[in-house]
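An overview of the molecular structure
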Amino acid sequence: MTHRDIALLLADAADGVEVGIAPTQAVVRGGRRRRARRWAVAAAAALAIVGTTGTVALAGLPGGDGGKAEPAVTRSSAPLPDVFQDKPHRTELASGTEDGKDWEVFVDVWDAPRDKAQAEAQLTAMAEYKGEWPASVRTAADLVGKRTYFVQRDYEGDASVVIENSLPARAASVSTDMGMTAQGLSPQAKPLRLVVGQIATTALEVTCDWKDGTSTVLHRVSGPEADGGLKQGIRSAEGSPDRWFVCLAPKGTAYKDARVTGLDQ
């Protein structure tokens, strides 16, 4: 093929390309209208996009990899998880009313991104959702392959994060492992009465000890109580490989200790 032939093909392809916000999609549409010339259209598109943005999503174009360039989007035979959703998996862990004030504890779990592009999209979604940002993450690459969760306490509509972390997608608690925090029931309350923890799926029982010498024993639960509140206990959470628990100390005392006291054999 001569330089003149190539020039004519590129000119013909460029004439059919619609310029818009997403030039790659316009190129694909142009290629579908000219199936006999789809390879030339793809080549012309690659040149045009490189000239304007400096990058090409080669995996989205026919024969884009060519064994010479790494595609911008990793190919996979399995569908990618929907990490571009604007909301995470949310599970309510406990709720109630004290002195006429409503309180609630819930966990938001974000799926693990499989590449940098998904991680960037997820960080944007987190920021737009509730202004969340994992403390351990400095760049989008730090989030790839990690599940992120934010546990929030809501007191009369005032929500605040009490636990957050990003962990490898396959990481899970085992045996008597426990990650927990003790907080005031409200952001201003000083007695540490509200205990929230993350435990292994094999945990059957958790005991929360209080400073007045009493204890609260938690077991696996599901569903609300008769009064409409969500019973304190051990629950699974959508998107999380672990179970979670919430226990509230009686008024007049505070947190002393919490531990797993029963395991599934």
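Anything mentioned here points back to the structure above.
Overview of the structure. Because the structure is a prediction, the values reported are computed rather than measured. (Residues numbered from 1 in each chain as written. Predicted model: local features only at pLDDT ≥ 70, side-chain atom pairs only at ≥ 80, totals over all residues. Heavy atoms only, no water.)

Reading across the sheet, the 4 strands line up as S1-S2-S3-S4 and stay open at both edges, with antiparallel pairing between neighbours. The open sheet terminates on both sides in strands that have one partner only, identified here as strand S1 (89–98) and strand S4 (158–168). If you compare each strand with its neighbour and ignore which way they point, the axes differ by 10° on average. Here S1 pairs with strand S2 (residues 101–110) via 9 bridges, running antiparallel. Bridging from a neighbouring strand, Glu98 pairs with Lys101 of S2. Here helix H4 (residues 116–130) sits on the sheet in contact with S1, S2 and strand S3 (146–155), set at roughly 170° to S2. (Pairing = 2+ DSSP bridges. Helix = DSSP H or I, 4+ residues; strand = E, 2+ residues; numbered from the N terminus. Axes fitted to C-alpha atoms, helices over the stretch in contact; angles between N-to-C directions. Contact = heavy atoms within 4.5 Å.)

Before going further, it helps to examine the state of the cysteines. The final tally for this structure, using the stated rule, is 1 disulfide. Sulfur-sulfur distance for the disulfide between Cys208 and Cys247 comes to 2.0 Å. Torsion about the S-S bond of the Cys208 and Cys247 cystine: about -85°, corresponding to left-handed handedness. Taken together, the residues span a long stretch of sequence, with Cys208 in strand S7 (residues 203–210) and Cys247 in strand S10 (residues 243–248) at a distance of 39 residues. (Disulfide = S-S within 2.5 Å.)

Quick look at the environment of Lys211 now. Take Lys211: it is sitting in the loop between S7 and strand S8 (215–219). Among all residues touching Lys211, those that are not within four sequence positions of it are Thr253, Ala254, Tyr255 and Lys256.

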